[in-house]
Amino acid sequence: MRFLGNIEAKCDAKGRVFLPAVFRKILQGSGEESLVLRRDVFQSCLVLYPESVWNEQLDALRSRLNRWNSQHQQVYRQFVAEAEVVTLDGNGRFLISRRCMKAVDIESDVRFIGMGDTIEIWAVKKAEESLMDDKAFGEAMQELLNEE
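Cut-off values and rules
Residues numbered from 1 in each chain as written. Predicted model: local features only at pLDDT ≥ 70, side-chain atom pairs only at ≥ 80, totals over all residues. Heavy atoms only, no water. Phe/Tyr/Trp six-rings, centres within 6.5 Å; stacked < 30°, edge-to-face > 60°. Buried < 20%, exposed > 50% of the residue type's maximum accessible area, 1.4 Å probe, protein only. Helix = DSSP H or I, 4+ residues; strand = E, 2+ residues; numbered from the N terminus. 1 Å grid on protein atoms, 1.4 Å probe; cavity = no way out; pocket = protein on both sides within 12 Å on 5 of 7 lines; lining within 4 Å. Points joined across faces, edges and corners; volume = space filled by probe spheres on them. Nonpolar A, V, L, I, M, F, W, Y, C, P; charged D, E, K, R; others polar. Pairing = 2+ DSSP bridges. Salt bridge = Lys/Arg side-chain N within 4 Å of Asp/Glu carboxyl O. Polar contact = N/O pair within 3.5 Å; in protein donor to acceptor, adjacent residues only side chain to side chain. Contact = heavy atoms within 4.5 Å.

K.L.:
Can you help me understand the packing of aromatic side chains in this one?
P.N.:
When we look at a pair of aromatic rings, we describe it by the centre distance and by the angle of the planes. A full pass over the atoms with the stated rule returns four aromatic pairs. Measuring from centroid to centroid gives 5.1 Å for tyrosine 49 and tryptophan 54, while their planes differ by 70°, and the two rings are edge-to-face. For the pair tyrosine 49 and tryptophan 54, a shared accessibility class is recorded, and that class is buried. When the centroid spacing of 6.5 Å and the interplanar angle of 70° are considered together, the rings of phenylalanine 94 and phenylalanine 112 count as edge-to-face. Highlighted residues: phenylalanine 94 in strand β6 (residues 93-95) and phenylalanine 112 in strand β7 (residues 109-114), separated in sequence by 18 residues. The class of phenylalanine 94 is buried, set by a relative accessible area of 1%. On the accessibility criterion, phenylalanine 112 (0% relative accessible area) is buried.

Shown next as structure tokens:
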């Protein structure tokens, strides 16, 4: 499953938004029916996980944590407590809760960014602010690809 692209959309007054058709097609092709939405750990955006990807991430996190370590339990609790199961309606829409919208400053215009096995959902203005300028991006790519 590879989500690629940068697509803008609008939320309605209730917080419903259409998942872009290109992403719906990928989900349907892989047999995914459920999605999990949570705030990103590092950025001011939401992350939409296909259920199978969410389960892999949860298993990987759990395998690194000790159930008898209170800090580990707090990390796990916070990670899962902020997650919400979302389903697409017959028209390909889903609801972004008010809590999630407020957490990342989404008002109505959103940008979906395909990130491989997940989809980020940004307030349009914040998405533009999060990108590097072309020169910094080129330098970062050069540095990363020259490492050995």
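K.L.:
What am I meant to see in the layout of surface pockets here?
P.N.:
The rolling of a water-molecule-sized probe over the atoms marks out the regions of remaining empty space. Its boundaries defined by the atoms lining it, the largest pocket holds a volume of some 270 Å³. Considering the residues around the largest pocket, the lining is formed by Gly5, Asn6, Gln43, Ile113, Met115, Glu120, Trp122, Ser130, Leu131, Met132 and Phe137. For the lining of the largest pocket, the residue count by class is six nonpolar, four polar and one charged. If you add up the space inside the second largest pocket, you get close to 180 Å³. Around the second largest pocket, the lining residues are Asp40, Val41, Phe42, Gln43, Tyr49, Gln57, Phe79, Met115 and Glu120. When the residues that make up the lining of the second largest pocket are grouped by side-chain class, the tally is five nonpolar, two polar and two charged.

K.L.:
Could you clarify how one ought to interpret the pairing of strand β4 (residues 46-50) in this entry?
P.N.:
Taken residue by residue, a regular strand's side chains alternate between the two faces of the sheet. Burial within β4 is extensive, with five of its five residues counted as buried. Where burial is concerned, the two faces of β4 agree: the one with Leu46, Leu48 and Pro50 and the one with Val47 and Tyr49 are both buried. Linking two consecutive strands that pair antiparallel, namely strand β3 (residues 35-39) and β4, is a turn of six residues. As defined by bridge partners, β4 adjoins strand β8 (residues 119-123) across three bridges and the pair is classed as antiparallel. Within β8, the residue paired with leucine 46 across the bridge is isoleucine 121.

K.L.:
What should I look at first to understand the pattern of salt bridges in this one?
P.N.:
Counting across every chain of the model gives 10 salt bridges. The salt bridge partner of arginine 16 is aspartate 12, with a shortest N-O separation of 2.7 Å. Across the salt bridge formed by lysine 126 and aspartate 105, the nearest N and O atoms sit 3.0 Å from each other. You can see lysine 126 sitting in helix α5 (residues 124-130) and its partner aspartate 105 sitting in the loop between α4 (98-103) and β7, a full 21 residues away along the chain.

K.L.:
What exactly am I supposed to notice about the side chain of glutamate 82 here?
P.N.:
With respect to the helices and strands, glutamate 82 occurs in the loop between α3 (70-81) and β5 (84-86). On the basis of relative accessibility, which here comes to 15%, the residue glutamate 82 falls in the buried class. In terms of polar contacts, glutamate 82 uses its side chain to reach the side chain of arginine 38, at 2.9 Å. Those residues within four positions of glutamate 82 in sequence are excluded, and the remaining contacts are Leu37, Arg38, Arg39 and Arg99.

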